[in-house]
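An overview of the molecular structure
For reference, the chains in residue letters:
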Amino acid sequence: MYTQGLDQKQKTDKSAAESEEQLVHFQARVDAEEKIEAKDWMPAAYRQTLVRQISQHAHSEIVGMLPEGNWITRAPTLRRKAILMAKVQDEAGHGLYLYSSAETLGVSRDEMVDQLLTGRAKYSSIFNYPTLSWADIGMIGWLVDGAAIMNQIPLCRCSYGPYARAMVRICKEESFHQRQGFDILVSLSKGSDAQRRMSQASLERWWWPALMMFGPGDADSKHSAQSMAWKIKRFSNDELRQKFVDVTVPQAEHLGLKIPDPDLRWNEETGHYDFGEIDWEEFYQVLKGNGPCNRERLGARRKAHADGAWVREAARAYAAKAKDRQAAA
Ligand code: FAQ
């Protein structure tokens, strides 16, 4: 049902003529807040931007299962284990909605997966960091899902209908994820000194990578201006990062945790928190594949893909049999 865009593949060809009239009409629809649907005419570059962003988003959800999956067998109670399993399954679901949404643009699931496994497609930098303690599971929910929500709520108003609609359910689930992370950290904050130290050490490892999730600063964000004009993005990377810092600092205070940034302070004049410079060299190294866990993450995805070959083969055989039966009936 999601592959209706495949018959429009020729339109992704940059050489396909795009008249001024078509471009003006398209922009007017976007400006009027009309949703663009899969069968509608769209500029090739709009389609490509969406395929890039949505597929990278889908890959992030799938790779994002790995750091938390690492703790399913070690969750401290049965209740925490059941919650964590549900959360990790939710991430798989998010990946599937997003792949389906990208497929409406004329790219196949196989192509997208191939781009991930061959290292040609990016996924969020944050999932290249290790989960060393149980507090890291709290930190992923609180900070990583918290940052994801801040970035993704505006995507519910994205101009492309299938992406916007997928984001509505994803955001509802991400809110639950954020709260379960915060709940883990509240429990640890009421625990022993060792548990509080574990949370603080975890925050020190995750704070800066969480801020990097929003992408490069506005001056270096090559896609932002066009994506905002097309109403794919509604806020710039720096605007969202600032909103995230503003809501998260009081939460850290509630948890009794100290954010590892000597430059962090409330600015009365701007009504926002000032914060220190992000280590962009670290960010770009992670994007280049040199983060602490890049190789491990891709290795795990490649193995999962190879291990699942028999399932794909069985599904194809079943589909062929069903087709034969239908033809014979
Ligand atoms: N990591 O010009 P911009 C989650 C790339 S889901 C890696 O600013 P844009 C749920 C960017 O792709 C988290 N690469 O790009 C969860 C571009 O490269 P390209 C994922 C990054 O697209 C929670 C280049 O840098 N969320 O957490 C990153 O306008 C817990 C230039 O950047 C989404 O994907 C990065 N952090 O803005 C799951 C949301 N930042 O393609 C499990 C949708 C930038 O030219 C557990 N995506 N790059 O080679 C977006 O909103 C945007 O794509 C941005 C980047 C904001 C990520």
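What you see as residue numbers is a count from 1 along each chain, following the sequence as written. The predicted nature of this model means local features are confined to residues of pLDDT at least 70 and side-chain atom pairs, given and counted, to a pLDDT of 80 or more, with totals for whole chains, interfaces and linings taken over all residues. Neither water nor hydrogens contribute to the side-chain values; these are computed over all heavy atoms in the structure.

**What to know about the site of the ligand**
The line we're drawing: In these notes, residues near a molecule or strand are those with any non-hydrogen atom within 4 Å of it. Here a polar contact means two N or O atoms within 3.5 Å. Within protein one must be a hydrogen donor candidate and the other an acceptor candidate, and residues neighboring in sequence count only if both atoms are side-chain atoms. Residue polarity follows a fixed list, in which Ala, Val, Leu, Ile, Met, Phe, Trp, Tyr, Cys and Pro are nonpolar, Asp, Glu, Lys and Arg are charged, and the others, Gly among them, are polar.
Every one of the 36 residues lining the ligand counts as a neighbour, but Gln56, Lys122, Ser221, His223 and Lys233 are closest to it. Between the ligand and Arg52 there is a distance of 3.0 Å, counted from an oxygen atom to a side-chain nitrogen or oxygen. In this structure, Ser221 approaches the ligand through a side-chain N or O atom, which is 2.7 Å from an oxygen atom. In terms of residue class, the shell around the ligand is made up of 13 nonpolar, 13 polar and 10 charged.

**Examining the state of the cysteines**
Put plainly, a disulfide is one covalent bond tying together the sulfur atoms of two cysteines. The line we're drawing: Any pair of cysteine sulfurs within 2.5 Å is marked as a disulfide. Throughout, exposure labels follow a simple rule: accessible area from a 1.4 Å probe, protein chains only, divided by the maximum for the residue type, with under 20% read as buried, over 50% as exposed, and the rest as partly exposed.
Following the criterion strictly, the structure yields 0 disulfides and no others. Left without a disulfide partner, Cys156 is nearest to the cysteine sulfur of Cys171, which lies 3.8 Å away. There is no disulfide at Cys158, and the cysteine sulfur nearest it, in Cys156, is 9.7 Å away. Assessed through its relative accessible area of 0%, Cys158 is described here as buried.

**Considering the confidence of the model for the chain**
It should be kept in mind that the predicted coordinates are not to be read in detail where pLDDT is low. For the record, the criterion: Within a predicted model, pLDDT stands for the predictor's per-residue confidence, ranging from 0 to 100. Any two residues having at least one pair of non-hydrogen atoms within 4.5 Å are treated as being in contact.
Looking at the chain, pLDDT values average 94 and 95% of them are 70 or higher. Across residues 1-15, where pLDDT falls below 50, the model places 26 contacts with residues more than four positions away in sequence or in other chains.

**Some remarks on unusual backbone geometry**
Here is the rule we go by: Segments assigned H or I by DSSP are reported as helices when at least four residues long, segments assigned E as strands when at least two residues long, and all are numbered from the N terminus.
One non-glycine residue with positive phi stands out, namely Glu33, at about 65°. Within the secondary structure, Glu33 sits in the loop between helix H1 (20-31) and helix H2 (44-63). A residue is classified by how much of its surface remains accessible, and Glu33, at 41% relative accessible area, is partly exposed. Phi at Lys231 is positive, roughly 55°, even though this residue is not glycine. Inspection of the secondary structure puts Lys231 in the loop between helix H9 (224-229) and helix H10 (237-255).

**So, the pattern of salt bridges**
What counts here: By definition here, a salt bridge exists when the distance from a side-chain nitrogen of Lys or Arg to a carboxyl oxygen of Asp or Glu is within 4 Å.
Taken as a whole and assessed by the stated rule, the structure comprises 17 salt bridges. A salt bridge links Arg234 to Glu33, with the nearest nitrogen and oxygen atoms 2.9 Å apart. On the criterion of sequence distance, the pair formed by Arg234 in the loop between H9 and H10 and Glu33 in the loop between H1 and H2 is long-range, its members being 201 residues apart. A salt bridge links Lys87 to Asp145, with the nearest nitrogen and oxygen atoms 2.9 Å apart. Of this pair, Lys87 sits in helix H4 (residues 78-103) while Asp145 is found in helix H6 (residues 134-152), placing the two residues 58 residues apart along the sequence. For Lys87, a relative accessible area of 1% gives the class buried. Residue class for Asp145 comes out buried when judged on its relative accessible area of 4%.

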